[in-house]
Amino acid sequence: RSLDDDDAQGRFQREVRIAGALSHPNVVQIYDAGTHEEQPFVAMEYVAGETVAEMIRRGAPIDLDRKLELLIDLAEGLGYAHKRGVIHRDIKPSNLIVDEHGRLKILDFGIARLADSGRTSVAPVGTPSYMAPEQIMGELVDARGDLFSCGIVVYEVLAYRQPFRAPSHHAIYNAILN
């Protein structure tokens, strides 16, 4: 990501502040952040593993019990963040990694916000296929938006396909809203 504009710098600083405050086995830990030679950096936990998106893409043979264990890990990590007032706003398979011990961890709190901080953008922010209706509409998003996205991830993990597929963002938005 380029951090040349103020919005990108603000998102970067917000990600560091929010994610750095979270400490849970199902959330990637942020250790430090700052700038070096005018370039921003984040030092975070290294997680050797595979994203859920990669697992789905290759059609990994995973039994139902194991899929449910992964989804429980997701729910526990999100529940922890929500109890601390943090809304992720971009839950999707590519932001979920399964480590070498089989534990799912949530990545990328880049568009997360504190629950009491209000709306951060008038335009929709997130990944279209995983956005809640209120997120598409540019309305205030709370924990229920993450739960909507989580439901889409559940569907995709179980079926190995997205429930809302369309040739354009507008068509995806329409499918979700209607």
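Residues numbered from 1 in each chain as written. Predicted model: local features only at pLDDT ≥ 70, side-chain atom pairs only at ≥ 80, totals over all residues. Heavy atoms only, no water.

Enquirer: For this particular structure, what's the right way to read the side chain of Thr-51?
Expert: Looking at the element boundaries, Thr-51 is found in strand S3 (residues 49-51). Residue contacts for Thr-51: discarding those within four places in its chain leaves Pro-93, Ser-94, Leu-96 and Ile-97. (Helix = DSSP H or I, 4+ residues; strand = E, 2+ residues; numbered from the N terminus. Contact = heavy atoms within 4.5 Å.)

Enquirer: When you look at the nonpolar core in this model, what are you seeing that I'm missing?
Expert: If you look at soluble globular proteins, the nonpolar side chains tend to sit buried side by side. Residues Leu-74, Ile-106, Phe-109 and Val-153 are the most contacted members of the largest nonpolar core, which totals 27 residues. Listing elements by their share of this core, those giving two or more residues are helix H1 (6-20), helix H2 (52-57), helix H3 (64-83), strand S5 (96-99), strand S6 (104-106) and helix H5 (143-159). The greatest single-element share of this core, amounting to 6 residues, is contributed by H3. Contact partners of Ile-106, with chain neighbours within four places excluded, come to Asn-26, Val-27, Val-28, Leu-74, Gly-77, Leu-78, His-88, Ile-91, Asn-95 and Leu-96. If you look at the next biggest cluster of nonpolar residues, it comprises 5 residues, including Met-131, Ile-136, Tyr-173 and Ile-176. (Core = buried A, V, L, I, M, F, W, Y, C linked by side-chain atoms within 4.5 Å. Buried < 20%, exposed > 50% of the residue type's maximum accessible area, 1.4 Å probe, protein only.)

Enquirer: Even after reading the chapter, I still don't get the environment of Val-141, so can you show me in this structure?
Expert: The residue Val-141 is located in the loop between helix H4 (133-136) and H5 in this model. Separated by 53 residues in the primary sequence, Val-141 and His-88 place their C-alpha atoms 9.7 Å from one another.

Enquirer: How do you make sense of a nonpolar patch on the surface when you look at a structure like this?
Expert: There is a patch of nonpolar side chains on the surface, built from Leu-64, Leu-68 and Leu-158 and spanning about 260 Å² of accessible area. Relative to the elements of secondary structure, Leu-68 occurs in helix H3. (Patch = residues over 30% accessible without salt bridge, like charges linked within 9 Å, V, L, I, M, F, W, Y side chains within 5 Å. Areas by Shrake-Rupley, 256 points an atom, 1.4 Å probe, with all protein chains shown as cover. Salt bridge = Lys/Arg side-chain N within 4 Å of Asp/Glu carboxyl O.)

Enquirer: Help me out: how do you make sense of the pattern of salt bridges in this one?
Expert: Oppositely charged side chains are able to pair whenever their charged atoms sit close together. Tallied over the full model, the rule gives 5 salt bridges. Its salt-bridge partner being Glu-50, residue Arg-58 comes within 2.7 Å of it at the nearest N-O pair. Ionic pairing is found between Lys-92 and Asp-90, a salt bridge with its closest N-O pair at 3.4 Å. Accessibility assignment for this pair places Lys-92 and Asp-90 in one class, buried.

Enquirer: Mind showing me how you'd approach unusual backbone geometry here?
Expert: The bulk of non-glycine residues show a negative phi, and the bulk of peptide bonds are trans. With phi around 50 degrees, Glu-37 is a residue other than glycine that occupies positive phi space. At Tyr-160, a residue that is not glycine, the phi angle is positive and equals roughly 60 degrees. Mapped onto the elements of the fold, Tyr-160 is located in the loop between H5 and helix H6 (169-177).

Enquirer: Would you mind going over the pairing of S5 with me for this structure?
Expert: Side-chain direction in a regular strand flips from residue to residue, so the side chains alternate between the two faces of the sheet. A two-sided burial pattern is seen for S5, the buried positions comprising Leu-96 and Val-98 on one face and Ile-97 and Asp-99 on the other. Bridging between S3 and S5 involves 3 bridges; their strand directions are antiparallel. Residue pairing for S5: Thr-51 is matched across the bridge by Ile-97. As paired strands, S5 and S6 are joined by 3 bridges and run antiparallel to one another. Its bridge partner lying in S6, Leu-96 is registered against Ile-106. Counted between consecutive antiparallel strands, the loop separating S5 from S6 contains 4 residues, among which Gly-102 sits at a positive phi close to 90 degrees. (Pairing = 2+ DSSP bridges.)

Enquirer: Help me understand the packing of H3 against H5, please; the structure alone is not making it clear to me.
Expert: One way to put it is that H3 packs onto H5 with a least axis distance of 11 Å and a crossing angle of 170 degrees. Comparing their axes, H5 and H3 come out roughly antiparallel. In this structure, H3 crosses over H5, and the sense of that crossing is right-handed. Two secondary-structure elements touch here, H3 through Leu-64, Lys-67, Leu-71, Leu-74, Leu-78 and His-82 and H5 through Ala-143, Asp-146, Cys-150, Val-153, Val-154, Val-157 and Leu-158. (Axes fitted to C-alpha atoms, helices over the stretch in contact; angles between N-to-C directions. Parallel < 35°, antiparallel > 145°, perpendicular 65-115°, else oblique. Left-handed = near helix turned anticlockwise from the far one by under 90°.)

Enquirer: Sorry, what's going on with H6 here?
Expert: Helical periodicity: at 3.6 residues per turn, an α-helix aligns residues three or four positions apart in one direction. Burial in H6 covers these residues: Ile-172, Tyr-173 and Ile-176. Buried positions in H6, seen along its axis, are confined to an arc of 100 degrees and lie on one side of it. Next to the buried residues of H6 lie H4 and H5. (Arc of directions from axis to C-beta.)

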